[in-house]
Amino acid sequence: MKKMIVVVLLLFQMTILMSCREKAGEKENTLPQGELSETATPSVAARETAVTSDISNEDVKKENVLEYFPDRENKQYFYEGKGNEYAAFWSYADYQDRDSGRIQLRTDNGGTQTVQVMEGNSTSLSVIVSKEECYYRDNLLNYNSVEEPEILLKAPLEKGTEWNLSDGRKRYISDVEKKIKTPSGDYKTIEVTTEEKEGQTRDYYAKGVGLVKREYSTDGLTVTSLLKEIKETPLVQSFTLYYPNEDEKLLEEVKDLKFNTNDITRFKVQELLREKHGGNQGLISVGTNLNSLYKGSDGIVYADFSKELINEMNAGAGFEQLILQGVADSLGRYYDAKEVYLTVEQKPYESGHILLKKGETLKVSK
């Protein structure tokens, strides 16, 4: 029974930083229905959501939280685990904006992928967005999906600094010179302890590195994650492409999508959709642009194309229908969605053979 409790807790806790605990059902509904920005620069309003603090300027000069919130561009962190199958994980920065102090981290513990947006300034580091079971890549830097940010680290960076979280947990700095040994090296760290009913978690942050160790303990059971290595590498995701052949059947081919931090997802997908198969043109022509691409909070994928999607298709009614189905299946599979709303220049798809009504979606068949 104790082991089961630990497993359940770790599905939420074993991320690069503590997951935000939100009320059931609120998380998805708070994300935007409109188009997600694919730039790495949040709006002015978004920047003004930084967690404020009553820390004096003197304290800020003495210790800067940002020293423990380093540049993560194109770097993948690998952690080895002990005590539970979900203790090992890796994390990667999907997006990072130095001006706003925001970073979007993707974490995979072998059981699920979690995407979080953290915001850091000189006095605090907080989680402002948290999405579990998120295997696709959209830019969420501009949005907040939690009612109250979860503060992970707070100045003054001295033993005894304490704060309460919105769910009743207590968090405090329990040591500022804790020496930690990991497979990646030895570090002098700040130890942050979080107390809760089920047990307690200790996170260890090193300057210029970030999280190097996490230890969760409850009723004599201990689960540990240690930083193993840091690699400068792209993030690799799988993308299944569905395309029609000459026999008017949909075939599939698995491709790799490689992303560096701040790469725009739709550009990478656009390249795959343009690929030719067996002498035929791709799902879209070389001259067709994917103007926007994202998954809305309603679970529908929104994809808008340039007018060349229709003008340069050169297909009969049956083959055109297969092409549209291939696009829907390819995008739907990547986003784990059942419907795709396909538009051309922000208007419903309309050709000489096919007319989609406003709001009408294509059903994903794969």
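Residues numbered from 1 in each chain as written. Predicted model: local features only at pLDDT ≥ 70, side-chain atom pairs only at ≥ 80, totals over all residues. Heavy atoms only, no water.

**Some thoughts on the pairing of strand 12 (residues 221-232)**
Phase 1 of the analysis: Sheet analysis places strand 1 (residues 75-82) next to strand 12, joined by eight bridges and oriented antiparallel. Bridge pairing in strand 12 links Tyr79 to Leu227.
Phase 2 of the analysis: Judged from the six bridges that link them, strand 11 (residues 210-218) and strand 12 form a sheet pairing that is antiparallel. In the sheet register, Ser217 faces strand 12, and the bridge partner there is Thr222.
Phase 3 of the analysis: Linking strand 11 back to strand 12 in an antiparallel pair, the connection comprises two residues, with Asp219 at a positive phi of about 45°. (Pairing = 2+ DSSP bridges. Helix = DSSP H or I, 4+ residues; strand = E, 2+ residues; numbered from the N terminus.)

**Examining the pairing of strand 1**
Phase 1 of the analysis: Bridge count between strand 1 and strand 2 (residues 89-97): four bridges; the pairing is antiparallel. Counterpart to Gln76 in the pairing with strand 2 is Tyr92.
Phase 2 of the analysis: Here strand 1 folds back onto strand 2 in antiparallel fashion, the turn holding six residues, of which Gly83 has a positive phi close to 100°.

**A short note on helix 7 (residues 317-335)**
Phase 1 of the analysis: With 19 residues, helix 7 extends 27 Å from end C-alpha to end C-alpha; this agrees with the ideal 27 Å at 1.5 Å per step.
Phase 2 of the analysis: Within helix 7, 14 of the 19 residues are buried, leaving the element largely enclosed by the surrounding structure.
Phase 3 of the analysis: Taken from the residues just after helix 7, Asp336 is the one with a positive phi, measuring 55°. (Expected span 1.5 Å × (residues − 1). Buried < 20%, exposed > 50% of the residue type's maximum accessible area, 1.4 Å probe, protein only.)

**Looking at the nonpolar core**
Phase 1 of the analysis: Core analysis: the biggest nonpolar cluster contains 46 residues, and Phe305, Leu331 and Tyr349 have the highest contact counts within it.
Phase 2 of the analysis: Here this core gets seven residues from one element, more than from any other, and that element is helix 7.
Phase 3 of the analysis: With sequence-adjacent residues up to four places away left out, Phe305 is seen in contact with Leu273, Ile284, Thr288, Asn289, Leu290, Asn291, Val327, Leu342, Thr343, Val344 and Glu345.
Phase 4 of the analysis: By size, the runner-up hydrophobic cluster in this structure holds 31 residues, among which are Tyr77, Phe89, Leu157 and Val192. (Core = buried A, V, L, I, M, F, W, Y, C linked by side-chain atoms within 4.5 Å. Contact = heavy atoms within 4.5 Å.)

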